[in-house]
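# What the coordinates show
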Protein chains: 2
Amino acid sequence: MVGQANETFEKLIAHYRETAYLRSIEGLVTWDHMTYLPSKGVDYRSEQIGYLAGLIHRRRTEKVIADWLDELVNSDLAKDPNSRSDCTIREIKRSYDRSVKVPVDLVEEIARVGGQSHVAWVEAKKTDNFTHFQPWLERMLDLRRQQAEALGYESTPYDALLEEFEPGETTERVSSVLEGLRNELAPLVAAIVDSNKTAPCEIIQRKYPVAMQEKFGKHVAAEIGFCFDSGRLDVTAHPFCGGAGPNDVRLTTRYDEHDFANGFFSIIHETGHGLYEQGLPKVEFGLPPGEAVSLGIHESQSRMWENLVGRSRGFWQHFFPSLCEAFPEATAGVSIDEWYAAVNDSRPSLIRTESDEATYNLHIIIRYELERAMIEGDLSVADLPTAWNDTYEKTLGVRPDKDSVGVLQDVHWCEGMFGYFPTYTLGNLYASQMFDQANEELGTLEDAFANGEFRPLLEWLRTKVHEHGQCYSPSEMIQNISGKPLSHEPLMRHLKTKFGELYDLS
Amino acid sequence: MVGQANETFEKLIAHYRETAYLRSIEGLVTWDHMTYLPSKGVDYRSEQIGYLAGLIHRRRTEKVIADWLDELVNSDLAKDPNSRSDCTIREIKRSYDRSVKVPVDLVEEIARVGGQSHVAWVEAKKTDNFTHFQPWLERMLDLRRQQAEALGYESTPYDALLEEFEPGETTERVSSVLEGLRNELAPLVAAIVDSNKTAPCEIIQRKYPVAMQEKFGKHVAAEIGFCFDSGRLDVTAHPFCGGAGPNDVRLTTRYDEHDFANGFFSIIHETGHGLYEQGLPKVEFGLPPGEAVSLGIHESQSRMWENLVGRSRGFWQHFFPSLCEAFPEATAGVSIDEWYAAVNDSRPSLIRTESDEATYNLHIIIRYELERAMIEGDLSVADLPTAWNDTYEKTLGVRPDKDSVGVLQDVHWCEGMFGYFPTYTLGNLYASQMFDQANEELGTLEDAFANGEFRPLLEWLRTKVHEHGQCYSPSEMIQNISGKPLSHEPLMRHLKTKFGELYDLS
């Protein structure tokens, strides 16, 4: 019987490897869409992507997979929890069960309406007209609630949606951690404001020639471990990390000649995602043990490299001399202390993507609470703009004077991606908790960074996170790494120390 | 019954449009392979391409297509020859019948051995060792002869292979036209040599900064009609024209700072291919009436724009001033007559891809005769290098001193592409015969070029060639355009006039 199960397992794997060809091709087609597609090629490209998505969906929901899984879930291969074979069977079953639970009609409607809703959102944001977007958001909300009902849940429909992005996580646990974070973070942000101290941001806004920004960014990305023989860096309107194969990880950024931080920290952020992708087991590409475990864990890697590494003093002790060499005019007369303060400027603001390490998580908590209230029926879409503005005023002390810099700023809701936002803050929390542990196991990392040593941290992440693929759930992973469940404390300790020093807080 | 046939026809078309998504995605994946793929991504990319090719092959040989065709070939839709529906049915039937005639085992073996043979050829060329390549070439020759037997033919197996690249053409007709061409071309080339006049080639080899070559090349490509909203220009080791959709035509070239002609005429050549692709009916993309009719006709478009337009005096009367502006140092003191002579330098040489407008076709005729002799069993692979060298000496008066600049120079044979070479010269012949007719119908084109007017020729080609897709065979097309069958005379008239003047031949 073991021979029989092994044979079935091989069939399942072969099927998934073929699907991985299509998915990685989809990755390339999407990347090209964002980078090099001629402007008039957009319509046909959408058709190509739609066709590929359909092909992939059909392959992933083929009835034969259910037959294979039925045989495998009770076999020896699924016996040893967290083994590669158990992970493969468990995760394929999880995603298979989820996809067949939702009626095909609903899947197609979500895709179709999502596309139209996206167009309406772009228009509404441009014309600052929430009313134009409102019926579409209502529609997407309704469709996602239908999806949650189809998927099923224990306590709240939000659970069913969260599961898509952060497998194994619950609304209750997320709420409790975010609540703890908010209670300590809001006073810290208030103290920064009250300090009346401002960072010398003007330094960052001097002239940084774009070609040199690219060269310097690639140099740093390579030095912290990104392999450019297995990846690239290109330019897009919105930075992302995509890919088209196990040795083909593609980062993008955007450059602003008068905003060094925008381009540079986008590169380091996407490099963090890219290091995770490059660290996944290549031989298991496209199979669960070779795939990223969750959005939250993915974000932990990008945030760790962007903030805990890239915005640390040690990092700049190492890179400041080459920065000055690359941009002699912009950095003339600038001390490393001024530079460090400038890249860590913190102040309450309206736009999430432009916010700093400290205030960022308050932007997320606001969104999390609003979307949860909408999904649970406690907030109507009509009331959303006012609720948004009130919450911003209460939480961050700033109030948008128009919806384009308020409730219309993010793309997520127009496509109905409810349950996505909290993964950003989960990423920051995972990152700090992992980083604390790494510091304990490897010695003071900032000292290593100051010596240009980034490999020890990368190797540690490879062993603790990357090579496990989806063998452990995010919460198992953080427990294995730190011996504790996820908590807001490591992140708060880090923020209090760093900004306490920068803003002379007692 | 008409309703029934219409319904079946719609099914056939829908099937082909879906296949076109995959084929155009294959186009993108292949383009990316040549342009931006990270070096370590090559192995997985080959697997992706192989998987896609298999998917496409299976779709194109599905049994249901035969059933649809059986119904359609006798329907009213196939009644009006050269109509869009007749073309669709006829050409799908032609390609379907061809693909099912060849056993799948053989198709796969040709693909597999072709890949290995390619590797052996690269190594043999690098080490100048024909013996290393010989068994692979023997193998490919044998496989292609098996393929020809499977496909069937009337007089020679070469017919069956030629049909793949130039549908409807026969070895007998091609031989007769090439024979006529050779008889007049060889004496012309000899007369050029005997003139002892040399062009001022040194001008072309001055310093032409690469960034400016790209800018100037794109400027010219756009001015002769290439739409960059529906296409791109990038850099690859070997120039080509590929594409990923009806509004997504991708040209590539290579640049050499000290060889202006190499990069520039590659751009114009590929632009010629690109103009054809951009001129095909977009709504029929992926269907026979929306696809290029043959390699020969494709090459007629690239050669016409490269040579008959791009190497004409009128063309440079228009572009020489902007050339001088773009490259003030390299063109300092150069007259337009010297420039015109330099870009039309003609002399016998060893390498086909570096040869000029006059000698080029002798390189092709040599290859055509050798490959035909091999396919027909009159020349063994072991005897090929000597036969190659002897024929070069006899025909062009030059003898390779090593195989890397002789029989090993081209990629085609290692992949078993016998029947491909003659399409290059057919392209030159079609081009001249069309160009003569265009001159007659539109007035002296060189005068138009001198005034920067390239639209009339492009519009003429759109009407005469591009918009017909595969509705007419290449020989029908040239007959429709010129009222005559294909002949060597227009090309010879052109070459004699042009080089007679340039080299003071009487």
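Rules used in this analysis
Residues numbered from 1 in each chain as written. Chains lettered and ligands numbered in written order. Predicted model: local features only at pLDDT ≥ 70, side-chain atom pairs only at ≥ 80, totals over all residues. Heavy atoms only, no water. Helix = DSSP H or I, 4+ residues; strand = E, 2+ residues; numbered from the N terminus. Rg over C-alpha atoms; globule rule 2.2 N^0.38 Å. Buried < 20%, exposed > 50% of the residue type's maximum accessible area, 1.4 Å probe, protein only. Contact = heavy atoms within 4.5 Å. Areas by Shrake-Rupley, 256 points an atom, 1.4 Å probe, with all protein chains shown as cover. Lys, Arg positive; Asp, Glu negative; His and termini not counted. Charge placed at Lys NZ, Arg CZ, Asp CG, Glu CD. Pairing = 2+ DSSP bridges. Axes fitted to C-alpha atoms, helices over the stretch in contact; angles between N-to-C directions. Least-squares fit on C-alpha atoms with pLDDT ≥ 70 in both. Buried area = accessible area lost by both parts, 1.4 Å probe. Salt bridge = Lys/Arg side-chain N within 4 Å of Asp/Glu carboxyl O. Polar contact = N/O pair within 3.5 Å; in protein donor to acceptor, adjacent residues only side chain to side chain. Nonpolar A, V, L, I, M, F, W, Y, C, P; charged D, E, K, R; others polar. Parallel < 35°, antiparallel > 145°, perpendicular 65-115°, else oblique. Left-handed = near helix turned anticlockwise from the far one by under 90°. Disulfide = S-S within 2.5 Å.

## Looking at the overall build of chain A
What chain A contains, in helices and strands, is 20 helices and three strands. Against the compact-globule benchmark of 23 Å for 506 residues, chain A has a radius of gyration of 23 Å, which places it among compact chains. Within chain A, the fraction of its 506 residues that count as buried is 57%. The long-range share in chain A, meaning contacts at least 24 apart out of those at least 6 apart in sequence, stands at 74%. Of the roughly 20,500 Å² of accessible surface on chain A, 50% is carried by carbon and sulfur atoms. Measuring between centres, the 50 positive side-chain charges of chain A sit 2 Å from its 80 negative side-chain charges.

## Points about the sheet that holds strand 2 (residues 241-245) of chain A
Residues and elements named next belong to chain A. Sheet architecture is open: three strands sit in the order 1-3-2, paired in mixed fashion. At either margin of the open sheet sits one strand with a lone partner, and together these are strand 1 (231-235) and strand 2. Neighbouring strand axes in the sheet, compared pairwise and without regard to direction, differ in orientation by 25° on average. The pairing of strand 1 with strand 3 (residues 248-253) spans five bridges and is classified as parallel. Counted as the bridge partner of Arg232 is Arg250 from strand 3.

## A closer look at the relation of the copies chain B and chain A
The transform that puts chain B on chain A rotates by 180° and translates by 0.0 Å along the axis, for an RMSD of 0.0 Å. Look at the turn and shift together and you get a two-fold axis relating the two. Interface residue correspondence from chain B to chain A reaches 100%, placing this contact among same-surface, isologous pairings.

## Thoughts on the interface of chain B and chain A
Each partner contributes to the interface: chain B provides 37 residues, whereas chain A provides 37 residues. Between chain B and chain A lies a buried interface of about 3,000 Å² when both sides are counted; carbon and sulfur atoms form 62% of it. Per-residue buried area on chain B facing chain A is highest for Tyr21(B), Tyr44(B) and Tyr51(B); these three make up 23% of the total on that side. Connecting chain B to chain A are four salt bridges. Here Asp248(B) and Arg45(A) are joined by a salt bridge, their closest N and O atoms 3.3 Å apart. If you look at where chain B meets chain A, you find 16 residue pairs in polar contact (both at pLDDT 80 or more). Counting only elements with at least two residues in the side of chain B that touches chain A, the list comes to helix 1 (2-35), helix 2 (42-60), strand 1 (231-235), strand 2 (241-245) and strand 3 (248-253) of chain B. The biggest single contributor to the side of chain B that touches chain A is helix 1 of chain B, with 10 residues. Split by residue class, the side of chain B that touches chain A holds 19 nonpolar, eight polar and 10 charged.

## So, the packing of helix 10 (residues 260-279) of chain B against helix 12 (residues 313-326) of chain B
All names here are of chain B. Interaxial distance between helix 10 and helix 12 falls to 16 Å at its minimum, and their mutual angle equals 125°. When the interaxial angle is binned, helix 10 and helix 12 end up oblique. For the pair helix 10 and helix 12, the sense of crossing is right-handed. In this structure, helix 10 contributes Phe260, Phe264 and Phe265 to the contact, and helix 12 contributes Phe315, Trp316 and Leu323. Broken down by class, the residue content of the contact of helix 10 with helix 12 amounts to six nonpolar, no polar and no charged.

## Some remarks on unusual backbone geometry
Even without being glycine, Asp128(A) reaches a positive phi, approximately 55°. Mapped onto the elements of the fold, Asp128(A) is located in the loop between helix 5 (104-127) and helix 6 (130-151).

## Description of the state of the cysteines
Within this structure, the stated rule accounts for zero disulfides over all chains. Unpaired in this structure, Cys87(A) has its nearest cysteine sulfur neighbour in Cys471(A), at a distance of 3.9 Å. For Cys87(A), a relative accessible area of 0% puts it in the buried group. Here Cys201(B) is not disulfide-linked; the sulfur of Cys324(B) is the nearest cysteine sulfur, at 18 Å. Residue class for Cys201(B) comes out buried when judged on its relative accessible area of 15%.

## Things to note about the pattern of salt bridges
Enumeration according to the criterion identifies 76 salt bridges over all chains in this entry. Between Glu306(A) and Arg311(A) there is a salt bridge whose closest N-O contact spans 2.9 Å. Per residue, the accessibility class of Glu306(A) equals that of Arg311(A), and both read buried. Note that Asp410(B) is salt-bridged to Arg367(B), the shortest N-O span being 2.5 Å. Of this pair, Asp410(B) sits in the loop between helix 15 (384-396) and helix 16 (422-442) while Arg367(B) sits in helix 14 (residues 360-375), and the two are 43 residues apart along the sequence. In terms of burial, Asp410(B) and Arg367(B) fall into one category: buried. Linked by salt bridges that have partners in common, Asp86(A), Arg90(A), Glu91(A), Arg94(A) and Glu163(A) make up one network.

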